[in-house]
Each structure stands twice: as C-alpha cells, then as structure tokens.
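Residues per chain are reported as follows:
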Amino acid sequence: MDRQLRELGAKRFRPLGLGDEDADLDLRQQFVPWAKVLVERELQRWQQQQQQQPTGPAVKVSANGPAVTTAAPGTGAGATEATPTTEVDAVNPDMEDEEYEEEEEEEEEEGAGSEMDMEDIGGAGPRRGKARTGAGAGAASAASSGPESGPPEMLNPLIRTSLTKQGYKLIGSHSGVKMCRWTKSMLRGRGGCYKHAFYGIESHRCMEATPSLACANKCVFCWRHHSNPVGKTWKWRMDPPDTIVETALDLHTRMVREYSGAPGVKPEAVAEGLQVRHCALSLVGEPIMYPEINALVNQLHSRGISTFLVTNAQFPDRIEQLNPVTQLYVSVDAATPESLKAVDRPLFSDYWDRFTACLSALGSKRQRTVYRLTLVKGWNMAEVQAYASLVDLGRPDFIEIKGVTYCGSGAASSLTMANVPYHADVVEFGQAICAARGGEYALACEHAHSCCILLARVDKFFVDGQWHTWIDYDKFQRLVREGNDFGAEDYMLPTPSWAVFGSEQAGFDPEQMRVRKVRRHPGKSDSAVASVAGEAVDEDS
C-alpha cells in the first residue's frame, strides 16, 4: 500500500512501520509503540500550531519528517525542531529522508534504462523519481493535478514508453495507430489479410487505428493482455477528431515510407500505400467510447477512406447514435450470460442486458453489419444453438468466425495452445450455425491462413448463383456524400472465385506470391515444410 500510494504521488507524513512475524512480540504489540509515537507527534504538532497563531512563527511541515518552525522576521531565532524525538520513537525521524531516498534510488536502479512489454506491466503505474523541489515542482504539480488542467490523460508515461517500443505510434492523449503485418505483407506482394479475401480491401492501403485505447472488457484472449486502460464511461481529456485523423494518416504514411527499404518491398505498392483508402477502427480498446466518434468517421469519409468499426457490445446507445460506416462489427464472444462473463470479463454488472441491446441496435442499421465470433476451444464452442438464437436479435449481414490467436502466457490469461482451434474446427462450427439457422446463412468465403471463415445471408448476397461479399468503395463514398438512405445491397460487388469457400486457393490471392518459411524444427525435414510447387521459399534462420 505504501509503495502504491507513493507511485500515485502521495507523500508520507510519518515513517513506514513494518512488523516482524518472527519477533518475540506479536504484531499487535509491535504496532502499539509505533502508533503511540504517531499520536504523540500529531498532538504536539497541533498544539504548536495553535500556540503560534496568529503572530507566532510560521510552521513548515517537511514532506517526510517532523514539523519545523522558522522564526518570524526580527526575532533572530533560527530553525528549531518543533517536535523533539522521544525515547519511545521506534524510527529515527532524522533517518527517514535517508530511508525514503534509498528506496527511491532502488526503484530507479530497478527501472533505469529498461523498457517493459505491455504484457509485463499489467496494472503497473509509472515509477516516481526523486521529488523535485522549488518552483519547478510546484509548476509540475499544478499542471498535472490542478483544477485548471481538467480531466486526466488516458496514457501514463510507462504505458507510452511500452507502446512505443512495440511499434505503436501514439496520438495525443488517447489514440494510436500501428502498421498491421498484413499491410507489410502486401507491400511485399506476399498476400493480404482476410478482409482482402472477404471484402476486397487493399491491405497495403489500410490503416489500423483507434481513437480510444480504453475498453470496458478484459477478454481472456485480449492480445494486449489487459494492460490498456479500462472504464465504463469516458473520463479522460479528449483530443479533437480532425487532429486524430490527420496525425494518424501522417504517422501511418511515415511508417510506410520507413518500411519501403525492407527487402522485397515493391515500389508500386508503396506508392499506392501512401494513399490510404481503408481504416480499421479496431486496433485495441473500444473505439465507440470516444465521444466524437461520428465526427471522426465523417473526417475519414471526407478523405475517401472506408471505415471498418469494431465494438465490444457494451454501449448500445452509442451504436444507435452512430452514423453510417462502411461495415459495423459487434464482437459476439459467447452465447450465454455465464460464458460471456467468463470470456469477456466485462466491467458492467448489467453486461448481458447491454450485450443483447447492442445486438438489437445492430439490427436497425441499414449498412453492412457483422457478428464477429472468436472461438476459444474449451470456453465458447459448445453453444451452437445459443449462438444461432442470438442471430434473431441483430440479423447481421455476415457472421465472421475466427479461431483465437494465442498471444503467449501471462498472469492475466490462462489460455494455452490447446485452446486454439484448427481451421477444420472453425469450418465445422460455421456449418453447424448454418444448419441451426435453416439455410438462412451459408459459408461464403474463407481465409485459411487466418483460420477464419465468413457466413453470409443467402437472400441478400447470393445473387444469380454468385456471392457478392465484396464492397464497391467508390459507390459507398458517393452514397455517403449524397446523404440519402441506403443499404448494404447498394454497394456490393461479386466475390472472386479464389476467395469463395472451398476454392483451391482457400482465400489467398493468386496475384500475390505465397511464401512458405523453412522452419528448422528438430525432427522435421526442411523438404517436408517447403515442398510446395510454384511457391517461393524463405529461409528462416
């Protein structure tokens, strides 16, 4: 408690007393002398202050020690201790500052020059250096906690340092952008993400960002291991949407330029990548928490950038208020109140009511809507009929089903590789959902590399014997500018054969070069890993 309070900026008014369970006296008997001194000191301090008012010398209280008086002008008296040390004092007050300084030095040495991964700092706050004195300290305190500064910033210095180390480019006080690995892959002509297969986005022209790094859930499969902030309402300082969008685009294009020197990057892909055409508002956190999300979406659309927004289904009012986006996702991570609480670990006590209200709100949207299911073997894959029943609430255009990605072990999650389903497991689950819905949905697309499949409504997207899951992005932007009511069927395009479920390519664009790495695992032959006719082989040393 003492350490945590100091990390939050609190100052000791008395030395810390620690009990010893191995001592002859029990802890209660050890506590009595320390408490007695504490009471006596505070009583003496109060009495001195009463005697010195209103004309007596001013009283100054040391940050970590006893009260000290300074003589009033003209008295000729120097500084004297107002509360002399008594014989029963268990801790020498003159040594308290030394003790405090030593602890701070130990903390500084422990963290000096180190950069922690996000998954290693769950719940950790920024360490305090030696306390500053004088006007500088007062100014810093006023800037950070004074009433004129308004709400606090979402990100503390330690999280900023760790996110920067991991490749995040932070924007203002609560937003971020990072280059997706599929953006890098397509810049090298090595294939796009599942959105390229399902919806026709150009992965090398896609920016992954979020206007809110905070979230209202602590999902067991969160790839940030719950180290980002959490909250039920927006309680932080807010940056304007135009600044967020402009800065995100500047930082993203800068990352594209920096990556242009990597081996195999194609100059023509870089030229296209500098003209961002898509934005996935799903980096981390809950984008819809940002109070100005509509203005931010409008800023992106005004630049001809499509919007793929993912929400974690805890803010139904925000979904109802949301302006049209290119495609709106709701995460459906479980199908019963018990499993949702276990998997998503929501902060809200009425999480299930909020969850179902979000699904119902999704049903009122005319643009493309998606249920996004993340399958975790042993956690949420035994509720097929319950999932199928939830479809009645939102009647989404699509249902994306993806196997969970294992992000390593940690104190925040007990998942292991045993919880990761195979692509065949995901396909089987999708087929069961289609059967439970009586043919209303069917398997339309797959991206086997991502262990992901797409179910689509047959009545809307299977036209003249062909799936139409791709998006006409130019037409969507035109419809947004016109301001008239429009629906998902107004900006759909045919799905190419290589992206359709069951195709030989399994969702990999044949115009891209597929590279299979040679991984030199003990007991496995290199030839067995790399023997794919007509495909490039990348030696992984």
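As a reminder, the structure under discussion sits directly above these lines.
Residues numbered from 1 in each chain as written. Predicted model: local features only at pLDDT ≥ 70, side-chain atom pairs only at ≥ 80, totals over all residues. Heavy atoms only, no water.

Chemist: Got a minute to help me understand the packing of aromatic side chains in this structure?
Modeler: Geometry of an aromatic ring pair is reported as the spacing of the ring centres plus the angle between the planes. Under the counting rule described, the total for this entry stands at 16 aromatic pairs. Relative to Phe348, the ring of Phe315 has its centre 5.7 Å away and its plane inclined at 80°; by these criteria the two rings are edge-to-face. Of this pair, Phe315 sits in the loop between β8 (306–311) and α11 (316–321) while Phe348 is found in the loop between α12 (337–344) and α13 (351–362), placing the two residues 33 residues apart along the sequence. Of the residues examined, Phe315 reaches a relative accessible area of 7% and is grouped as buried. Residue class for Phe348 comes out buried when judged on its relative accessible area of 9%. Every member of this aromatic cluster is reached through a ring pair, and the members are Tyr194, Phe198, Tyr199, Phe308, Phe398, Phe461 and Tyr473. Positioned over the ring face of Phe348 is Arg354, at 3.7 Å from the centre of the ring. Cation over ring: Arg372 sits above Tyr329, and NZ or CZ is 5.5 Å from the ring centre. (Phe/Tyr/Trp six-rings, centres within 6.5 Å; stacked < 30°, edge-to-face > 60°. Helix = DSSP H or I, 4+ residues; strand = E, 2+ residues; numbered from the N terminus. Buried < 20%, exposed > 50% of the residue type's maximum accessible area, 1.4 Å probe, protein only. Lys NZ or Arg CZ within 6 Å of the ring centre and 35° of its normal.)

Chemist: Is there a simple way to explain the pattern of salt bridges in this structure?
Modeler: Oppositely charged side chains can pair when the atoms bearing their charge come close. Counted according to the given criterion, the structure contains 18 salt bridges. In this structure, Arg254 and Asp250 form a salt bridge, with 2.7 Å as the shortest nitrogen-oxygen distance. Remark: Asp250 and Arg254 occur in helix α8 (residues 241–259); sequence separation between them is four residues, near one turn of the helix. Given the relative accessible area of 41%, Arg254 is considered partly exposed. Across the salt bridge formed by Asp459 and Arg457, the nearest N and O atoms sit 2.9 Å from each other. Relative accessible area serves as the criterion here: at 11%, Arg457 is assigned to the buried category. (Salt bridge = Lys/Arg side-chain N within 4 Å of Asp/Glu carboxyl O.)

Chemist: Before we go on, may I ask you to explain the packing of α13 against helix α14 (residues 384–394) in this structure?
Modeler: The axes of two packed helices give the description: the angle between them and the distance between them. Running from amino to carboxyl end, α13 crosses α14 at an angle of 55°, the nearest separation of the two axes being 6 Å. Considered as vectors, α13 and α14 are oriented oblique to each other. Contact with α13, carried on its side by Trp352, Phe355, Thr356, Leu359, Ser360 and Leu362, involves Leu390, Leu393 and Gly394 of α14 and no other residues of that element. Per-class residue counts for the contact of α13 with α14 are six nonpolar, three polar and no charged. (Axes fitted to C-alpha atoms, helices over the stretch in contact; angles between N-to-C directions. Parallel < 35°, antiparallel > 145°, perpendicular 65-115°, else oblique. Contact = heavy atoms within 4.5 Å. Nonpolar A, V, L, I, M, F, W, Y, C, P; charged D, E, K, R; others polar.)

Chemist: Would you mind going over the side chain of Asn380 with me for this structure?
Modeler: Relative to the helices and strands, Asn380 resides in the loop between β10 (368–375) and α14. Looking at Asn380, the relative accessible area reads 0%, which means it is buried. Here Thr374 takes part through its backbone oxygen, which lies 2.8 Å from a polar atom of the side chain of Asn380. A distance of 2.7 Å separates a polar atom in the side chain of Asn380 from the backbone nitrogen of Val376. Non-local contacts of Asn380, meaning those with residues more than four positions away in its chain, are made with Asp333, Val343, Thr374, Leu375, Tyr387 and Phe429. (Polar contact = N/O pair within 3.5 Å; in protein donor to acceptor, adjacent residues only side chain to side chain.)

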